[in-house]
Amino acid sequence: MIRSLKEIRKEANARSKQDGVERDEEGRVIIDVTVRSDEAFLSDYSVDKPVISSDFADFLHDRLEPIPPREPLLLRIHGDCIDEDEKPLYESALREHALESYKKTATGFRRNTLLSSVMFAIGVLGIIAAVLCSVFPTNAVFTEILDIFAWVFVWEAVDLFFLERGGLRAERRRALRLYDAKIQFLPLTAEPQN
């Protein structure tokens, strides 16, 4: 029997409401991760500092996405292949990934500010030119094109500064929370500890 989209949406909404986030005794949001093989955790390309693999980074990003960026985190890594000597290395790799993500968003923040400022300035200059063209006798089509050109630049500046900047801010907060996350290593067969 084929179900309607309305039925599927009701079921999905009900399941998403009952999937509340799990927290430890300190109020940190718990993210459980399973590592079945050491090779999948660290990147083979890092020379001086250990960094997590891109697959693991994507998985972690997917797990962090629905969590509000201001929430403190507890990362529980379950795996029988992780020995005591590797734990500091893995923790360092996770923190390095978080720091790199933070630097990347900080660069994006600066780029966003500079680009939106330049676009706004170009838009304002275009509006001034359009006003001057409307005062002096010129081609009306050229004046209208100049006006549209100017407003497109002003709108892009507003979009970059006020809308895209929010996403960058959330990513930056998420990276800081991951950097500050409490990390626990547990065997695969053990019950979670808080």
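Residues numbered from 1 in each chain as written. Predicted model: local features only at pLDDT ≥ 70, side-chain atom pairs only at ≥ 80, totals over all residues. Heavy atoms only, no water.

> Residue-level account of a nonpolar patch on the surface, with values.
A cluster of nonpolar side chains, namely Phe120, Val124, Leu125, Ile128, Val131, Leu132, Val135 and Phe136, defines an oily patch on the protein surface of about 760 Å² accessible area. Residue classification places phenylalanine 120 among the partly exposed residues on the basis of a relative accessible area of 43%. (Patch = residues over 30% accessible without salt bridge, like charges linked within 9 Å, V, L, I, M, F, W, Y side chains within 5 Å. Areas by Shrake-Rupley, 256 points an atom, 1.4 Å probe, with all protein chains shown as cover. Salt bridge = Lys/Arg side-chain N within 4 Å of Asp/Glu carboxyl O. Buried < 20%, exposed > 50% of the residue type's maximum accessible area, 1.4 Å probe, protein only.)

> Please set out the nonpolar core residue by residue, giving values where relevant.
Judged by nonpolar contacts, the single largest core of 24 residues is most densely connected at Phe41, Ile52, Leu60, Leu75, Ile77 and Leu94. Put simply, the parts of the chain that give this core at least two residues each are strand E1 (29–34), helix H2 (54–64), strand E2 (73–78), helix H3 (86–135) and strand E3 (182–186). Ignoring any residue separated from it by four or fewer positions in sequence, one finds isoleucine 52 in contact with Phe41, Leu42, Ser43, Ala57, Leu60, Ala93, Leu94 and His97. (Core = buried A, V, L, I, M, F, W, Y, C linked by side-chain atoms within 4.5 Å. Helix = DSSP H or I, 4+ residues; strand = E, 2+ residues; numbered from the N terminus. Contact = heavy atoms within 4.5 Å.)

> Break down the pairing of E1 for me, citing the residues and quoting the values.
Relative to E2, E1 runs parallel, the two sharing 6 bridges. Considered in E2, the bridge of isoleucine 31 is made with leucine 75. Regarding topology, H2 serves as the crossover connection from E1 to the parallel E2, and that connection is right-handed. (Pairing = 2+ DSSP bridges. Right-handed = clockwise from strand over helix to strand, strands pointing away.)

> Pulling in residues and values, what's your account of H2?
Of all the positions in H2, only Phe56, Ala57, Leu60 and Leu64 are classed as buried. Considered in projection along H2, the buried side chains sweep an arc of 100° and stay on one side of the axis. Facing away from the buried side of H2 by over 90 degrees, the exposed positions are Ser54 and Asp55. Next to the buried residues of H2 lie E1, E2, H3 and helix H4 (140–179). (Arc of directions from axis to C-beta.)

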